[in-house]
Structures are given as C-alpha cells and as structure tokens.
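Geometric and topological summary
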Amino acid sequence: MTTDPDPLLTDLLLTNLQSRRDDDHVVSLDGTWKLILDPYDSGLINILGERNKTGYFRDFKPRHQGDRVEYDFDTSTDIEVPGDWNTQHPELLYYEGTAWYRRLIEVDDDHAARASAGRSFVHFGAANHTTRVFLDGEELALHEGGFGPFTVEVTGRLSAGTHSLVVMVNNRREPDRIPAMRSDWWNFGGIHRSVELVHTPATSIIDAWLTMAPDGCLTGGVTVDGPEAWALEVRVSLGDEVIADVANLADGEQPIDPPSSAALGFERWAPGAPVLHRATWTLHNPDTGAVVDEVHDDIGLRTVRVDGTTLYINDVETYLNGISIHGEGPSGGSRAAGEADASELLDWAEALNANFVRLAHYQHDEAMVREADRRGLLAWGELPVYWGIDFENPATIANARRQADELVVRDRNRASMILWSAANETLPGDGRNSFITTIIERFRALDPTRLTTAALLTLPTNSPNTLIDDPLGEVVDVIGVNEYLGWYYGDREAIPETTWSSTFNKPLVFSELGAGAKFGHHGSDDEIWTEEFQAAVYRAQLEMINRQSECIGLSPWILKDFRTPMRVLPGIQDGYNRKGLVSEEGERKLAFELLADWYKEQP
Ligand code: GCB
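Attention shifts here to the site of the ligand. The ligand sits among 14 residues. The nearest are Asp 184, Tyr 386, Glu 425, Tyr 488 and Lys 579. At a separation of 2.6 Å, an oxygen atom of the ligand approaches a polar side-chain atom of Asp 184. Residue Tyr 484 places a side-chain N or O atom 3.2 Å away from an oxygen atom belonging to the ligand. Calculation on the ligand without its partners gives an accessible area of 320 Å², and the protein chains cover 97% of this total. Partitioned by chemical class, the residues of the shell around the ligand number five nonpolar, four polar and five charged.

Our next topic: the domain arrangement of the protein chain. When cut into domains, the protein chain gives domain 1 (17-200), domain 2 (215-302) and domain 3 (313-601). The gap between the C-alpha centroids of domain 1 and domain 2 is 34 Å. Contacts between the two partners involve five residues from domain 1 and, on the opposite side, seven residues from domain 2. When domain 1 packs against domain 2, the two sides together hide about 460 Å² of surface, and 30% of this comes from carbon and sulfur. Together, Ser 19, Arg 20 and Arg 119 form the three largest contributors to the area buried by domain 1 at its contact with domain 2, with a combined 77%. At the junction of domain 1 with domain 2, the criterion picks out two salt bridges. When the shortest N-O distance is used, the salt bridge between Asp 225 and Arg 119 registers 3.0 Å. Inspection of the region where domain 1 meets domain 2 yields four residue pairs in polar contact (both at pLDDT 80 or more).

Among the five residues in strand β23 (residues 378-382), five count as buried, and that is most of the element. Across the two faces of β23 the burial is the same, with Leu 378, Trp 380 and Glu 382 and Ala 379 and Gly 381 all buried. Pairing geometry for strand β22 (residues 356-359) and β23, over four bridges, is parallel. Looking at β23, one finds that Arg 358 is bridged to Trp 380. The parallel pair β22 and β23 is bridged by helix α4 (residues 366-375), and the resulting crossover is right-handed.

For the rest of this paragraph, the subject is the packing of helix α8 (residues 531-545) against helix α9 (residues 590-601). The packing of two helices is summarised by the inter-axis angle and the distance between the axes. Interhelical geometry of α8 versus α9 gives an angle of 20° and a closest axis separation of 8 Å. It follows that α8 is roughly parallel to α9 by the angle criterion. As for how α8 packs across α9, the hand of that crossing is right-handed. Here α8 contributes Glu 531, Glu 532, Gln 534, Ala 535, Tyr 538, Arg 539, Leu 542 and Ile 545 to the contact with α9, which in turn contributes Leu 590, Ala 591, Leu 594, Leu 595 and Trp 598.

The subject of this paragraph is the sheet that holds strand β25 (residues 451-457). Pairing in this closed barrel of eight strands is parallel, and the strands run β21-β22-β23-β24-β25-β27-β29-β30 around the ring. Mean inter-strand twist for the sheet, computed between neighbouring axes without regard to direction, equals 30°. Contacting β23 and β24 (417-424), helix α5 (residues 394-411) runs over the sheet at an angle of about 170° to β24.

This part is about a negative patch on the surface. Together, Asp 22, Asp 23, Asp 24 and Glu 294 make up a region of like negative charge exposed at the surface. With respect to the helices, strands and loops of the structure, Asp 22 is situated in helix α1 (residues 17-22). Residue classification places Asp 22 among the partly exposed positions, given a relative accessible area of 43%.

Cis peptide bonds are those with omega within 30 degrees of zero, and the linkage from Asn 128 to His 129 qualifies with 5°. Tracing the sequence through the fold places His 129 in the loop between β5 (118-124) and β6 (130-135). In the segment running from Ala 360 into His 361, the intervening peptide bond is cis, with an omega of -15°. Relative to the helices and strands, His 361 is located in the loop between β22 and α4. In this model, Asp 136 sits at a positive phi of 50°, which is unusual for a non-glycine residue.

It is worth spelling out the packing of helix α3 (residues 338-351) against α4 at this point. For the pair α3 and α4, the least separation of the axes is 9 Å and the interaxial angle reads 50°. Relative to α4, α3 is oriented oblique. In the crossing of α3 with α4, the sense of the turn from one axis to the other is right-handed. On α4, the residues that touch Gly 338, Glu 339, Ala 342, Ser 343, Leu 345, Leu 346, Asp 347 and Glu 350 of α3 are Ala 367, Met 368, Glu 371, Ala 372 and Arg 375.

Rules behind the numbers
Residues numbered from 1 in each chain as written. Predicted model: local features only at pLDDT ≥ 70, side-chain atom pairs only at ≥ 80, totals over all residues. Heavy atoms only, no water. Near = heavy atom within 4 Å. Polar contact = N/O pair within 3.5 Å; in protein donor to acceptor, adjacent residues only side chain to side chain. Areas by Shrake-Rupley, 256 points an atom, 1.4 Å probe, with all protein chains shown as cover. Nonpolar A, V, L, I, M, F, W, Y, C, P; charged D, E, K, R; others polar. Domains from an automatic or database assignment. Contact = heavy atoms within 4.5 Å. Buried area = accessible area lost by both parts, 1.4 Å probe. Salt bridge = Lys/Arg side-chain N within 4 Å of Asp/Glu carboxyl O. Buried < 20%, exposed > 50% of the residue type's maximum accessible area, 1.4 Å probe, protein only. Helix = DSSP H or I, 4+ residues; strand = E, 2+ residues; numbered from the N terminus. Pairing = 2+ DSSP bridges. Right-handed = clockwise from strand over helix to strand, strands pointing away. Axes fitted to C-alpha atoms, helices over the stretch in contact; angles between N-to-C directions. Parallel < 35°, antiparallel > 145°, perpendicular 65-115°, else oblique. Left-handed = near helix turned anticlockwise from the far one by under 90°. Patch = residues over 30% accessible without salt bridge, like charges linked within 9 Å, V, L, I, M, F, W, Y side chains within 5 Å. Lys, Arg positive; Asp, Glu negative; His and termini not counted. Charge placed at Lys NZ, Arg CZ, Asp CG, Glu CD.

Now the structure itself:
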C-alpha cells in the first residue's frame with residue numbers, strides 16, 4: 001500500500017534544548033493535562049468519514065443554550081504529562097486507541113512580546129505512537145513513531161491570552177507501523193516524555209553537533225535557519241578555544257571541520273572516567289560582532305573503532321560488560337521519563353559493575369544518554385524495528401528513516417553513544433536486507449564516527465559450533481547475537497562447549513541471553529522460574545562467553561522485570577517478563593550478584 005505522505009508530517013527537530021533551558025528560553029508544559037478517550041476517532045472524523053468540524057481539536061464551548069457540544073475538556077479526566085495513560089488510570093491498563101490531550105497555555109504580555117520577537121516551537125520528547133498537534137483548533141503537525149522527539153513551530157500564534165493546545169495520540173498497533181503488531185513489551189500510550197515551549201531568535205541554531213572521529217579529529221555540523229542566515233557565521237569553541245568558524249549558513253547543514261590539532265589539549269572521555277568539555281556555537285554577524293543566537297553542550301571526546309574482531313575506545317582494547325535495559329521506570333511498571341528514572345536505572349547498571357548499556361528496543365529518553373555521558377557508561381541506541389515489520393512498504397521504510405534521523409540527530413553529541421542499532425530479531429529475506437541496509441546507510445550518512453549494529457536472531461545451527469552467516473553481518477560493523485541457550489533451546493550442560501563465530505571477521509556482542517526467574521522463588525537449579533535456575537544459566541553462559549575469541553562483550557536480557565501482555569503465567573509472570581536481574585520493584589535476584597562479580601573480575 002503506497003499513499004502520499006501527509007503534508008503535515010513533521011521532520012523538524014530542534015536540538016540542544018538543555019542549553020536553551022539553562023538560558024531560560026524554555027517553558028515547561030509538563031504537569032496536569034485534560035484527557036478524552038476516543039476509541040472510534042470521532043473527535044477527528046464525522047459519520048460521513050470527513051474531518052469533524054466540531055471535533056475535539058476545536059476545544060469548543062457551547063455559546064448559547066441548546067448549542068450541542070458533546071465533549072468538554074474542562075470537566076474531563078486529568079492526566080499527568082509526561083506519563084503513559086495505562087498506569088495512571090487502572091481502567092486504561094490495556095487501552096489501545098486514540099486519546100485527546102489538552103493543555104491551556106496562558107500567554108502574558110511579556111511572554112507575548114518575547115514570542116513575537118523571534119520564533120516559538122513546541123517540543124515533544126516523545127508520544128506513542130501517532131500524534132496530531134492542534135493549536136487553537138488548527139492542525140499544525142503530524143508525527144509518526146512512539147519514541148522519537150519532534151518539534152512543531154508555533155511562531156506568530158502566541159499572542160497575549162489563553163491558547164488551547166490539543167494533541168491527539170493514537171497507539172493502536174498497525175501492520176505498517178514501527179513497531180508493528182507484536183512486541184514483547186507493553187504498548188504504553190500517551191505523551192510519555194516532556195513537552196516544552198521553546199523560544200529562539202528569528203534566525204537561530206536549529207541543530208549543532210561535535211564529536212570525535214576514529215582518527216582523533218573533531219567533526220560535526222551546524223544548521224541555522226531564518227531570514228538573516230546568509231549574513232551570519234557560527235563560531236565554534238571548545239572550552240576557551242575557538243576551533244572553527246562556519247559560514248554559508250543559508251545552505252542547510254554546514255560541516256564543522258576543525259584542524260586535526262584542535263582536540264590535542266583536551267582530556268579524553270573514557271568509560272569509567274568521564275570528562276566533559278563545554279562546546280559553544282555562537283551565531284554572530286562577522287561585520288558587527290553582534291551575537292544573534294548561542295547554544296552550548298557538554299561533550300566528551302573519545303574515539304571508537306573496530307579492527308577485525310576487536311573494539312577500541314581511545315585506542316584501548318575494550319570489552320563491553322553490559323546489560324540490556326527497557327525504558328520502564330524503576331518502580332510501578334510504567335514508562336520511564338526524566339532524570340530521576342534514568343539515574344536510578346543507571347545506578348543499578350553501575351552496581352552490576354557494567355560499563356555498557358544496551359538501550360533496547362527503541363529510542364530511550366534523552367535523559368538516559370546524558371546520564372550515561374556523565375557516568376562514563378558506553379551505550380547502544382536502537383530503533384523499534386522489531387518482529388513483523390512490513391519491510392516492503394515504502395511508507396514504513398520512510399518512517400524508519402525518519403526515526404533513524406531523530407535518534408542520531410538527538411544523540412550524536414553524546415560520547416557514551418557508540419553503537420547505532422537498526423533492528424532486533426528480523427528474519428532474513430531480500431526485503432528485510434534492503435530495508436535494514438537503508439537504515440544503516442542513513443546512520444552512517446548522519447554520523448560517520450560511530451559503529452552500526454543489529455541484534456540478530458541467531459538460532460544455533462551445527463550445534464555446538466554456530467557459524468553466523470546472516471547477510472546483515474556484511475552490512476553492520478558489530479554483530480549483535482541474541483541467543484537463549486539454556487532457556488528457549490539447548491541443554492544447559494552443553495552451553496560451555498558451544499562456540500560462535502561469523503563469516504565476516506567482525507566483532508560479536510551477545511546482545512541477549514538470559515532466563516526467567518521470579519524474585520523470592522527458590523529451589524533447585526533444575527526448577528524453572530527459581531532464582532537458582534536463572535543463576536545456573538548465567539554461570540554456564542559466562543563460562544561459554546569467556547572462550548569466544550570474536551566476542552567483544554555482552555548485554556544480557558535484562559536489567560529489570562518489565563511489563564508485557566505476552567507473559568501471563570499466573571503466580572509467576574502475571575504480565576511481566578521475568579528475565580530481569582532485579583524484580584519490577586528493584587529486588588536483586590541471585591544472578592545479579594553472579595554477573596556483578598564476573599564483571600568485577602574482567603580486565
Ligand atoms: C528476545 C527479544 C526480547 C524479548 C526476549 C524474551 O529475543 O529480543 O524483546 O523480551 O527475547 O524474553 O524472550
């Protein structure tokens with residue numbers, strides 16, 4: 001099925017928001033919003049299938065007695081943003097469909113004057129899955145994808161007074177979406193990350209990035225937009241040093257290519273030893289010296305590369321002692337959001353002595369990657385290209401590409417981020433191969449400095465010696481191996497003797513392995529669902545992994561038990577995948593200490 005893309009489909013993304021927050025140019029729209037559920041989409045479409053003229057997006061009030069308005073945001077349910085709707089109202093736990101959010105924005109005279117002096121944007125950290133944004137009844141943007149950030153321009157629309165921001169969010173599973181019909185995690189709906197109103201000058205820096213290439217040189221880019229762009233330049237500084245001046249700003253993104261000596265005096269960022277330097281991009285008029293706009297970011301400098309089957313960070317051979325993490329908060333089984341959740345999840349990763357986190361299976365909250373930068377943890381970022389994707393559908397490919405852009409453009413200033421993952425457990429085939437190759441090429445075009453990967457569904461063949469020959473191995477830089485020896489297949493006793501290699505002379509990461517255990521459930525290590533059983537699988541796996549010469553690390557499945565409708569075994573799963581090393585409330589299972597000890601012993 002091919003349809004023309006909706007003209008309101010947005011690909012605008014304003015980055016470096018932290019800088020604008022520091023400078024007081026951001027107004028948070030988080031807090032209590034109003035919510036109307038709409039399983040039949042009747043707030044958008046009337047019975048003739050046309051756009052509903054009195055739809056919920058109009059946020060109508062009856063004007064006279066007898067005026068028929070069949071909804072009222074003011075007296076509807078409250079909902080907190082950021083947050084999923086499923087865990088805020090018990091009756092919405094399984095709700096999949098449309099919900100309408102409304103937030104009134106009060107603009108005073110000062111605020112209106114400030115807005116009219118430049119540009120204004122509403123920035124969404126993420127909303128799952130398809131979002132339509134309306135301001136004062138007018139539709140401004142459509143966004144597809146449940147985990148990527150997006151920005152909607154509202155310049156000229158914020159006069160003094162009260163404005164109605166209405167957001168239609170739909171999380172129905174559809175065959176052409178990403179993810180599609182099935183995933184082993186909860187389909188949390190709603191505006192689950194922060195919403196902010198951002199003010200910038202009329203000509204402003206839309207995106208600015210700087211990172212270290214594998215050869216130790218700095219590289220990056222800057223995008224300026226606005227009527228004065230042609231007359232301006234961007235000065236790029238690192239700490240107190242000017243490292244580049246960038247002109248030709250009217251022509252879209254411009255590269256930043258400082259001389260190779262530019263990075264010399266700066267201490268490197270390394271796993272376990274994070275050092276961040278302030279980078280500043282100053283948009284100015286080179287004739288008058290007037291500063292028009294400025295953004296900054298705290299950036300770590302490190303190199304990452306592979307040579308054959310070895311991974312090097314700052315030219316030091318590095319082993320990834322990792323753990324996979326879902327974007328679910330540390331307690332309460334709801335969608336994770338913000339710094340507090342990121343901090344607690346990464347505390348657990350550090351308690352495990354991990355130096356690496358696989359942020360599975362979709363784009364996590366930006367707070368996670370920023371926190372990983374501050375702590376010196378390496379990270380893997382991933383797209384929700386998961387089971388059952390419609391690989392042949394051009395609209396689905398276009399959507400995946402946009403999601404790739406959102407992930408890379410948001411996170412390419414982060415030293416922690418070393419691997420862009422295009423997919424998880426996809427079945428080989430021409431359509432799949434070409435789809436994922438397109439995504440990998442997109443990653444490389446946007447950011448040639450990092451490595452690419454995909455977690456492959458790797459069933460052991462020719463056991464005990466598995467040879468990985470999935471054609472995707474040719475495309476990626478690092479091969480992710482999801483294997484569940486001792487759980488979904490294979491005898492636990494045989495695990496230590498198993499070998500894994502590929503035909504590609506590339507590093508392997510054991511991106512998933514594990515076993516289910518209910519916290520507090522004890523017994524013999526042959527008794528399924530006990531902590532002892534899970535620990536025994538880990539023991540055998542670690543013995544096996546120790547012997548794999550092509551392996552550069554592992555990210556077992558998974559840090560914490562997480563909600564999923566696929567796991568229904570009463571008394572054991574109760575709606576949770578139990579492969580966590582900690583329970584959904586953070587209680588540590590035996591395998592946690594076992595892995596923590598093993599990581600401590602690693603060089
Ligand atoms: C996998 C998937 C992951 C599942 C896990 C499991 O291979 O990548 O999303 O949750 O297995 O527990 O079965």
